[in-house]
Amino acid sequence: MTFDAIVVGARCAGSPTAMLLARQGRRVLLLDRAGFPSDALSTHLIHVPGMAYLRRWGLYDAVVATGAPPHERFTMDFGAFVIDGPPPPVDGASQPYCIRRIVLDKILVDAARAAGASVREHFTVDGLLRDADGRVTGVRGEGEELGARIVIGADGLHSTVAREVGAGTYDATPALTAGYYAYYRGVSGPGAEIYQLGDRAVVVFPTNDDLACVFVACPIAQFHDFRLDVEGSYRAAIDRVPELAARVAAGERAERIRGTADVPNFFRESAGPGWALVGDAGYHKDPCTASGITDAFTCASMLAAAVHDGLAGGDLDGAVAGYARARDERFRPALGLTCQLASMEPPAPEMAALLAAVAASPAETTRFFGMMQGSTPVPEYLSPANIGRIMSGAS
């Protein structure tokens, strides 16, 4: 059998892509080298726009039923001022959730399977098939050759599909931070907490099983020193937030500390003859905005629509190339903002004044979190007209 699409990678980008294509009647094969449920080193936050996608897809109730608490508000503590409030609602969703990947990814894989996609777990793709003209026509793995009209790489930062097609990166910035996290009982508050401490950032996300994910980031230049004593460096950063340090000391760590410095920022060429990339395979950035899952949902929706239209209309390559251009146009400002935040440089005086003005207004706080969650475009929020409005105190 030749499939309409083979999707390599079944996590937050791959499973929704496969699900959406299968729901449109396409013959889809979804492959992953892992079995599910299984964990992944990742941020866990699903911003409100991501929850809106889940609502649209009929998966909202299943995610909420996992027992992770809704985040009633975000608290960003800059020391001199605190931006604290709820994000704005999007399409019937009003609160973000922090769902552990061992839970979320299984829901997404099951949804793809229920939609009619064929799912094969523990399947490692080690190469691509091509025709005489070099067009990708399928995958090779586990001693099998499987054909498809398009192969979609949703296989993450170190994508096999990207490597096999020679996809290059652009708008690239090397890793700016390193991050470590662990899970604690007895630490959760009413929502996400972000403490900006100059050369450290400390973040708390309530998640499943009455646990909180406590995350610490440092500049990449300090990564070597940090990892010489991970435990001591991690706790020293938390101790710089006394109220949080008291909660952590009184709580119980449930799992070991884990972390990475492998967080480059880039777009990758994501469309070619018979292939496409989605999720982290094609667009990767620092976790400081915790946007990876939400952005993966967005890109999956965009790519699935393009592939369906291309298969129906006869210009599959043109449709997929259009997806890649639209993705870049949508996310390039967010990638720039992410790199700016991940630099951990003190905000310029003008930006500090803007953030202080936002902190002083509940309405502006919610609008600010609209930019941070992606429902308000970065250029729109940071336009001279909008900044002038905020600074003048206009509603």
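The preceding data block contains the structure.
Nothing here was measured: the structure is a model prediction, and the numbers come from that model. Every chain's residues receive numbers from 1 upward, in the order its sequence appears when written. The predicted origin of the model limits local features to residues at a pLDDT of at least 70 and limits the giving and counting of side-chain atom pairs to 80 or more, whereas totals for whole chains, interfaces and linings rest on all residues. No hydrogens and no water enter the side-chain calculation; it runs on all heavy atoms of the structure.

Residues in a regular strand project their side chains so that they alternate between the two faces of the sheet. For two strands to be treated as a pair, DSSP must find at least two bridges joining them. Numbering of helices and strands runs from the N terminus; a helix is a DSSP stretch of H or I covering at least four residues, while a strand is a stretch of E covering at least two. Pairing of strand β8 (residues 125-130) with strand β9 (residues 136-141), which is carried by five bridges, proceeds in the antiparallel orientation. Residue pairing across strands places V125 opposite G141, the latter belonging to β9. In sequence, β8 turns back onto β9 through a hairpin of five residues, with G134 there showing a positive phi of about 90°.

Further remarks concern the nonpolar core. L54, I152, F297 and V307 are the most contacted members of the largest nonpolar core, which totals 59 residues. It is helix α9 (residues 292-313) that provides the largest number of residues to this core, a total of nine residues. Other than its neighbours up to four places away in sequence, V307 contacts L21, I150, I152, L316 and V320. What is meant by a nonpolar core is a set of buried Ala, Val, Leu, Ile, Met, Phe, Trp, Tyr and Cys residues, joined one to another through side-chain atoms within 4.5 Å. Three exposure classes are used, based on accessible area relative to the maximum for each residue type with a 1.4 Å probe and protein chains only: buried under 20%, partly exposed in between, and exposed over 50%. In terms of nonpolar packing, the next biggest core, distinct from the first, is built from 30 residues, F74, F81, V203 and F369 among them. Contacts are residue-level and defined by heavy atoms, with any inter-residue pair within 4.5 Å sufficient.

Our next topic: helix α14 (residues 384-392). Among the residues of α14, N386, R389 and I390 are the ones counted as buried. For α14, the buried positions fall inside an angular range of 95° around the axis, keeping them on one side. When the buried face of α14 is taken as reference, the exposed residues oriented beyond 90 degrees from it are P384, A385 and S392. Two residues or fewer past α14, G393 is found with a positive phi of approximately 80°. What the arc measures is the spread of directions leading from the helix axis to the C-beta atoms.

Bringing the pattern of salt bridges into the picture now. When a carboxyl oxygen of Asp or Glu lies within 4 Å of a side-chain nitrogen of Lys or Arg, that pair is called a salt bridge. Counted by the stated rule, this structure contains 27 salt bridges. Its salt-bridge partner being R149, residue D4 comes within 3.5 Å of it at the nearest N-O pair. In this pair, D4 sits in strand β1 (residues 2-8) while R149 sits in strand β10 (residues 144-153), placing the two residues 145 residues apart along the sequence. Owing to a relative accessible area of 3%, D4 belongs among the buried residues under this scheme. The exposure class of R149 is partly exposed, given its relative accessible area of 39%. Between D328 and R327 there is a salt bridge; the shortest N-O distance is 2.8 Å.

By the secondary structure assignment, H44 is in the loop between β2 (28-31) and β3 (45-46). Classification of H44 as buried rests on a relative accessible area of 3%. In this structure H44 touches Y97, C98, I99, R100, R101, Y181, Y183, T207, C213 and I293, once residues within four positions along its chain are discounted.

Axis definition: a line fitted to C-alpha atoms, over the contacting stretch in the case of helices. Angles run 0 to 180 degrees between N-to-C directions. One can describe the packing of helix α7 (residues 230-239) onto helix α8 (residues 242-250) by two numbers: an axis separation of 7 Å at closest approach and a directional angle of 130°. Comparing their axes, α8 and α7 come out oblique. Across the interface between the two elements, R235, I238 and D239 from α7 touch P242, L244, A245, V248 and A249 from α8. For this classification, Asp, Glu, Lys and Arg are treated as charged, while Ala, Val, Leu, Ile, Met, Phe, Trp, Tyr, Cys and Pro are nonpolar and the rest, including Gly, are polar. Within the contact of α7 with α8, the residues separate by chemical class into six nonpolar, no polar and two charged. For this classification, under 35 degrees means roughly parallel, over 145 means roughly antiparallel, 65 to 115 means roughly perpendicular, and everything else is oblique.

You can see R11 is positioned in the loop between β1 and α1 (14-23). Using a relative accessible area of 16% as the deciding quantity, one classes R11 as buried. From its side chain, R11 meets the backbone oxygen of D39 in a polar contact 3.4 Å long. Setting aside residues no more than four positions away along its own chain, R11 makes contact with P16, D32, A34, F36, S38, D39, A40, R101, D105 and L108. For the purposes of these results, a polar contact is taken to be a pair of N or O atoms within 3.5 Å, where, inside protein, one atom must be able to donate a hydrogen and its partner to accept one; residues adjacent in sequence count only when each atom of the pair is a side-chain atom.

Pairing is antiparallel across the open sheet formed by three strands, whose spatial order is β11-β18-β21. In this open sheet, the two strands that pair with only one neighbour each are β11 (169-173) and β21 (283-284). Bridging between β11 and strand β18 (residues 265-268) involves three bridges; their strand directions are antiparallel. From the neighbouring strand, T169 faces β18, where its bridge partner is R268. Against the sheet, helix α10 (residues 316-342) contacts β11, β18 and β21, and its axis sits at roughly 165° relative to β18.

Looking at where R101 falls in the secondary structure, it is placed in helix α4 (residues 101-115). Take R101: its relative accessible area is 7%, and that puts it in the buried class. Between the alpha carbons of R101 and S42 there is a distance of 7.5 Å; along the sequence they are 59 residues apart. If we ignore the near neighbours within four places in the chain, the residues touching R101 are R11, C12, S38, D39, A40, S42, T43, H44 and I293. For R101, the side chain forms a polar contact with the side chain of S42, separated by 2.6 Å. Reaching out from R101, the side chain makes a polar contact with the side chain of D105 at a distance of 2.9 Å.

In this section: the packing of aromatic side chains. Classification of ring pairs uses Phe, Tyr and Trp, with its six-membered ring standing for Trp, and accepts pairs whose centres are within 6.5 Å; under 30 degrees between planes counts as stacked, over 60 as edge-to-face, and the remaining range as tilted. In total, this model carries 11 aromatic pairs according to the counting rule given. Considering the side-chain rings of Y181 and Y183, the 5.8 Å spacing of their centres and the 80° angle between planes classify their relative orientation as edge-to-face. By relative accessible area, Y183 is classed as buried at 0%. Ring pairing ties together the aromatic residues F74, F368, F369 and Y381, which thus form one cluster. Lying over the aromatic face of Y183, R100 brings its terminal NZ or CZ to 3.8 Å of the ring centre. The rule for a charge over a ring is simple: NZ of Lys or CZ of Arg within 6 Å of the ring centre, and within 35 degrees of the ring normal.

Now for the pairing of strand β12 (residues 177-185). Counting buried positions along β12 gives eight out of nine residues, so the element sits mostly inside the fold. Relative to strand β15 (residues 211-219), β12 runs antiparallel, the two being bridged by nine bridges. Among the inter-strand pairings, G179 is bridged to a residue of β15, identified as A217. Sheet analysis places β12 next to strand β16 (residues 252-253), joined by two bridges and oriented antiparallel. Bridge pairing in β16 links Y184 to R253.

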